[in-house]
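Summary of the model geometry
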Amino acid sequence: MMPDPTHPTPADDIRAALDSLRAQDLPTHGGRTLSYVYDSGLAEADAIGREALAAFASTNGLDPTAFPSLARLESELVALAAGLLHGPPSTVGVATSGGTESLVLAVLAARNGSPHVERPQVVAPSTVHAAVHKAGHLLGVDVVSVPVDPVTFRADPAAMAAAVTDDTVLLVASATSYAHGVVDPVAEIAAIARERGVRCHVDACIGGWVLPFLDDVPPWTFAVEGVTSISVDLHKYAYTPKGVSLLLHRDPALRRGHFFASAAWPGYTMLNTTLQSTKSGGPLAAAWAVVHAIGLDGYAELAKRARQACLEVACAVGDIDGLDVVVAPDSTLLALTTDERCDVFTIADEMGSRGWLVQPQMSFGDLPASLHLSLCAATADRVEELVTALTGATAEAVRRGRVQVDPQLAAAAASLDPAGLDDAAFDGLLTIAGLAGDGGAVQVPERMAEVNALLDVAPPPLREALLAAVLDRITRAGAGPRMPVVPDRPADPLTQLVRSSNL
Ligand SMILES: Cc1ncc(COP(=O)(O)O)c(C=O)c1O
């Protein structure tokens, strides 16, 4: 039973309520959830991380002179990452709340570093993480999306060079890309950036704590001349609790553009290195604790286990009738696709019913719909189980056949302009899509294949608008208890005294 917020609730009841809510979530540990979460399988490292998270939960990174411990933890993590990523001694960095914030700051620094450019633009491969598009959207920067090579799924340096103009302030490459798990040709892209006198950011949010421990990886770090910044998330493959990414710059001048100071009000001078102002030191302390609990030797071991798991699954997929690897993986992420007899959306549902989360990815331009698997160390002992589940799920998907989207519905979706739709129209569309429950509330069905297949044929802007409508409806708060409105309640005697004495 959920507690009544009007009165104090005993701690045990609160625990029970939280436990019952958590029971509805995906498991964060156990190695069967192959996106969103990262599991080292090391219970002791998790425990010290949780301890540090709790111990530092109420500290505030707003002012590093008030909480010098946080400045120390941050600079030690930055120094460690700079060493891993071949940063020169001039390397500086910040800890952010996650990959998206790191990328927003990289774009912000590049934009502010070129104040003479009126309409700044970023040139990025079409596979770049959506967070770069978010950065462009927030910061008024155009993101020029350059199609990747359709065979290698890697950025096409020549096409990127052709897209650079005098307004370009930043080139981006991924190491690795999220959707297909490959490393872009960073050296070529950084060379273009250098030649044109612009910055080059490497998004290593997901690959940055794995690639340094693997062999045969093409160059992608600060060892490459022309790479000016790199983002690497600790809350992914450093297996730390959520809430920490690092953004590193080759030198302090490159970082200055995302610092913010304001003395334009009567309170404290606001000084921020990142987007957040008040920020809990909990995630940072937890990251520091876990990174030390595992150690670089430990990470080398974990990276090899996850890589091995990824390669074993990729090899086994070759023997699964109907399923295929999209491209040979460079790291620990795998993208899978199907032949024409079945679809990835049905396989994702079937995997769900077998206790595995694999994430469906829609088709995009010439790139096929696929399944995303982030393999972690904790999955390494379950590879056989995973392959058995994939084999069964694919066989069942072939038996069911591809989800057929009504051609009339597909044609209607293709012609809809989401900008012209109001709330009522979205309610209607969500009903057609099978996402509406009682009273207009959103109900996510257990099997999502039909919904996903419909979204897959919708043009990306309609996809975005429909899913935003779902999110809007899921996150509408119900009515909570209200404070009674007491008109003209007299102030209590002490307040009256203070007011009248002109203190
Ligand atoms: C390559 C890459 N960049 C950026 C991000 C965004 O990170 P976050 O979800 O922590 O904001 C991700 C997340 O998966 C990623 O894989």
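Below: a short report on this structure. What you see is a predicted model; the values in this text were computed from it and never measured.

Conventions adopted
- Residues numbered from 1 in each chain as written.
- Predicted model: local features only at pLDDT ≥ 70, side-chain atom pairs only at ≥ 80, totals over all residues.
- Heavy atoms only, no water.
- Salt bridge = Lys/Arg side-chain N within 4 Å of Asp/Glu carboxyl O.
- Helix = DSSP H or I, 4+ residues; strand = E, 2+ residues; numbered from the N terminus.
- Buried < 20%, exposed > 50% of the residue type's maximum accessible area, 1.4 Å probe, protein only.
- Arc of directions from axis to C-beta.
- Contact = heavy atoms within 4.5 Å.
- Pairing = 2+ DSSP bridges.
- Near = heavy atom within 4 Å.
- Polar contact = N/O pair within 3.5 Å; in protein donor to acceptor, adjacent residues only side chain to side chain.
- Areas by Shrake-Rupley, 256 points an atom, 1.4 Å probe, with all protein chains shown as cover.

Focus on the pattern of salt bridges
- All told, the structure shown has 23 salt bridges when counted by the stated rule.
- With its nearest N and O atoms 3.5 Å apart, the salt bridge here joins Arg305 to Asp381. You can see Arg305 sitting in helix 9 (residues 282-317) and its partner Asp381 sitting in the loop between strand 13 (370-374) and helix 11 (383-400), a full 76 residues away along the chain.
- Note on Arg305: relative accessible area 29%, which makes it partly exposed.
- For Asp381, a relative accessible area of 64% puts it in the exposed group.

Quick notes on helix 13 (residues 423-432)
- Within helix 13, burial applies to Phe426, Leu429 and Leu430. Summarising the axial view, the buried residues of helix 13 lie within an arc of 100°, below the 170-degree limit, and thus occupy one face. Away from the buried face of helix 13 by more than 90 degrees, exposed residues Ala424, Thr431 and Ile432 are located.
- Contacts made by the buried residues of helix 13 are with helix 15 (460-474).
- Downstream of helix 13 by one or two residues, Gly434 has phi in the positive range, about 80°.

Section: the pairing of strand 6 (residues 229-233)
- In terms of burial, strand 6 is a largely internal element, 5 of the 5 residues being buried.
- Across the two faces of strand 6 the burial is the same, with Ser229, Ser231 and Asp233 and Ile230 and Val232 all buried.
- Here strand 5 (residues 199-203) pairs with strand 6 via 3 bridges, running parallel. Its bridge partner being in strand 6, Asp203 is matched across the sheet by Ser231.

Let's talk about the site of the ligand
- Gly99, Thr100, Asp203, His235 and Lys236 are the nearest of the 13 residues found near the ligand.
- One of the side-chain nitrogen or oxygen atoms of Lys236 is found 2.9 Å away from an oxygen atom of the ligand.
- Considered on its own, the ligand offers 390 Å² of accessible surface; in the complex 84% of this is hidden by protein.

Scope: geometric values only; no functional claims are made or implied.
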